[in-house]
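Now for the letters of each chain:
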Amino acid sequence: MNKKIIDLKKLPNQGAVSPEVARAIEATSPDAATAQARIAELEALSNSEGVTVGQSAQVAGNISNDSVVQDPRTGGDISPATIAEIQRQAVDDYVTQIQNQNAILNGGKTFQVFDLSEANGDVIDATKEIVTAGLWSDNLTELRTYFTQSMTAAQSPYYVNVFQKLPSATGSAIQYALAYGNALGSGSVLSDSIDDSATRAIYSQYKQLLLPKGVNRFLTPASGSTDSIYVVNFQRNRTKEKLDPGNFELPLSTLSSSAALDATGSVEVSGSALTITLIDDSTIASASNEDAGNVYYVVSGSIANGVHNPAAPVYYGLVYCDHSTIILDGNILDNKMGFQTNTGSNSNGSNHYKLHHSISGSYVSGQKGFKARNKETVSSTFYFVRVKNGDFNYSNNPSYVTGDQGDIFQDDFIGDPKAYITTVGLYNDSRELLAIAKLSKPLIKSKKRELNIRVKLEY
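Residues numbered from 1 in each chain as written. Predicted model: local features only at pLDDT ≥ 70, side-chain atom pairs only at ≥ 80, totals over all residues. Heavy atoms only, no water.

### Concerning the pattern of salt bridges
Part 1 of the argument: Tallied over the full model, the rule gives 10 salt bridges.
Part 2 of the argument: Across the pair Arg386 and Asp122 runs a salt bridge whose closest N-O atoms are separated by 2.6 Å. Of this pair, Arg386 sits in strand E22 (residues 373-387) while Asp122 sits in the loop between helix H5 (80-107) and strand E3 (123-134), placing them 264 residues apart in sequence.
Part 3 of the argument: Look at Asp122 and you get buried, because its relative accessible area is 8%.
Part 4 of the argument: Arg144 is paired through a salt bridge with Glu142; the nearest N and O atoms lie 3.4 Å apart.
Part 5 of the argument: The exposure class of Arg144 is partly exposed, given its relative accessible area of 45%.
Part 6 of the argument: Bridged by salt links that share partners, the residues Glu129, Lys456 and Glu458 form one connected network. (Salt bridge = Lys/Arg side-chain N within 4 Å of Asp/Glu carboxyl O. Helix = DSSP H or I, 4+ residues; strand = E, 2+ residues; numbered from the N terminus. Buried < 20%, exposed > 50% of the residue type's maximum accessible area, 1.4 Å probe, protein only.)

As structure tokens, then:
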């Protein structure tokens, strides 16, 4: 754009006679006063609209009458016909130059101001729509493979990250994290450095994050107040605005009764594993509006068939969609899924690995994957860029012009300019670039074509 402005500044102002033409007029005029008069006549003509080469030739003819010029090389007189031809060519070149400049100024605009009027304006502001998509990597709605990474000794007692591929594989990413919390600190070793246990720290963290002020325990209809919770915490960037209510399905399989006290080892699902799926109860009940947003109960059921036994649902916990977090009642998982949660004092149970084995074993035992979708409200503003036939027919690419005078490089473009539109930039009133829209393919623009480009800005 700066190069375009520089090239335009190099062109003579409309109505100004170029030095070459002025010298030709002075050389063929009998005196200085006549020369100045003829220059003024040419400038007046070039200032008028619709100046043509024919008119310039007429001026050249007027200038050449009764002119006698001596050839400096031979000393002889130059014939009036030769003088007239030289003058005509000089004036024609000048008029072409002015027409070139006018064409660029009139058809080569770089900016266009939007019409902001409410009726038939160029901008449609802030329309909103609800968008839902698969929550897992690559926008998948169902997760069937599960991998954990090696955690440090400081991290392992608190949580474990779950990937959709081997952590070392290309494209592998964290999908969610699992944790176990106990209000009494049971199921983990007391840390000398903080005089606390990992399970109590986890319970306190989610209590402060999710429960109303003054409430110290998670409550479920199944067991009332519970000290023991399992946590599924979805990777925040995957849930966008929130976890989509009614569109997640968590599979669980019963665990083997021979599981070790420390669940970091190989915890197998039961040989006769029962595989269930859990959903929220948004299809049969309204959310409770709490400080943490909308909260639903987690119940037995499926996305396809809804809540199992809606008259008397089997409750497993709570889901905080706005925080993308599922809280499962540890007592219920012990009773129904054989978790045998380690609640020993100062005992490292690594109970969150039990939940991992129950989820990951569900596809092996029952062909059940972990289904989930995210949800967000997207605000959109539409900008209609209306390109009329006489606008934007010239490029601001430096290769479009040539020479110090900014002449159009392609002679065919002088009377019929063409350009290819590839990008639309949105600027503020100070002409600062705020956003860029790329077209899927270049669009040809000429005086015979008009375009209407719709730019959609989402935020």
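### Details of the confidence of the model for the chain
The predicted coordinates should not be examined in detail at positions where pLDDT is low.
Part 1 of the argument: Overall, the prediction assigns the chain a mean pLDDT of 82, with 78% of residues at 70 or greater.
Part 2 of the argument: In the predicted structure, residues 1-14 sits below a pLDDT of 50 and forms 27 contacts with residues beyond four places in sequence or in another chain.
Part 3 of the argument: Counting contacts from residues 48-57, a segment whose pLDDT is below 50, to residues more than four positions away or on other chains yields 16 contacts. (pLDDT = per-residue confidence, 0-100. Contact = heavy atoms within 4.5 Å.)

### With respect to the pairing of strand E14 (residues 250-253)
For a regular strand, the rule is simple: side chains alternate between the two faces of the sheet.
Part 1 of the argument: A two-sided burial pattern is seen for E14, the buried positions comprising Leu250 and Leu252 on one face and Pro251 and Ser253 on the other.
Part 2 of the argument: In this sheet, strand E15 (residues 275-280) lies alongside E14 in antiparallel orientation, the contact comprising 4 bridges. Each residue of the ladder has a partner; that of Leu250, found in E15, is Leu278. (Pairing = 2+ DSSP bridges.)

### Observations concerning the nonpolar core
Part 1 of the argument: If you look at the biggest cluster of nonpolar residues, it comprises 37 residues, and the most contacted ones within it are Tyr176, Phe234, Leu252, Leu328, Leu355, Ile359 and Phe370.
Part 2 of the argument: One finds Ala183, Phe218, Ile229 and Ile327 within the second-largest nonpolar core, a separate group that totals 15 residues. (Core = buried A, V, L, I, M, F, W, Y, C linked by side-chain atoms within 4.5 Å.)

### Notes on helix H8 (residues 352-366)
Given 3.6 residues per turn, any residue in an α-helix points the same way as the ones three and four places further on.
Part 1 of the argument: In a regular helix each residue adds 1.5 Å, so 15 residues correspond to 21 Å; H8 covers 21 Å between its end C-alpha atoms and thus fits that length.
Part 2 of the argument: In H8, a bend of some 30° at Ser360 exceeds every other bend along the element.
Part 3 of the argument: The buried fraction of H8 is high, at 11 of 15 residues.
Part 4 of the argument: Regarding H8, the residues found buried are His352, Tyr353, Lys354, Leu355, His356, His357, Ser358, Ile359, Ser360, Gly361 and Ser362.
Part 5 of the argument: Gln367 occupies a position one or two residues after H8 and carries a positive phi of about 55°. (Expected span 1.5 Å × (residues − 1). Bend = angle between axes of the 7 residues up to and from the residue.)

### A closer look at the environment of Asp416
Part 1 of the argument: In this structure, Asp416 sits in the loop between strand E24 (407-408) and strand E25 (418-427).
Part 2 of the argument: In this structure Asp416 comes out as partly exposed when scored by relative accessible area, which is 25%.
Part 3 of the argument: For the pair formed by Asp416 and Lys447, sequence separation is 31 residues and the distance between their alpha carbons is 7.1 Å.

### Points about unusual backbone geometry
Part 1 of the argument: A positive phi angle, close to 55°, is found at Ser324, a residue other than glycine.
Part 2 of the argument: You can see Ser324 is positioned in the loop between strand E19 (315-320) and strand E20 (325-329).
Part 3 of the argument: The exposure class assigned to Ser324 is buried, which follows from its relative accessible area of 0%.

### Looking at the pairing of strand E17 (residues 293-302)
Part 1 of the argument: Counted residue by residue, E17 has 8 buried out of 10 residues, so it is predominantly covered.
Part 2 of the argument: Two strands pair when backbone bridges link them, and E15 and E17 are joined in this way by 3 bridges, in the antiparallel orientation. In the sheet register, Asp280 faces E17, and the bridge partner there is Val298.
Part 3 of the argument: With 3 bridges connecting them, strand E16 (residues 288-290) and E17 associate as antiparallel partners. Within E17, the position partnered with Ser288 by the bridge is Val295.
Part 4 of the argument: In textbook terms, the turn of a hairpin is the stretch between consecutive antiparallel strands, and for E16 and E17 this stretch comprises 2 residues.
Part 5 of the argument: With 5 bridges joining them, E17 and E19 adopt antiparallel strand pairing. Note that in E19 the partner of Val295 across the bridge is Tyr320.
Part 6 of the argument: Hairpin connection, E17 to strand E18 (residues 306-307): the antiparallel pair is bridged by 3 residues.

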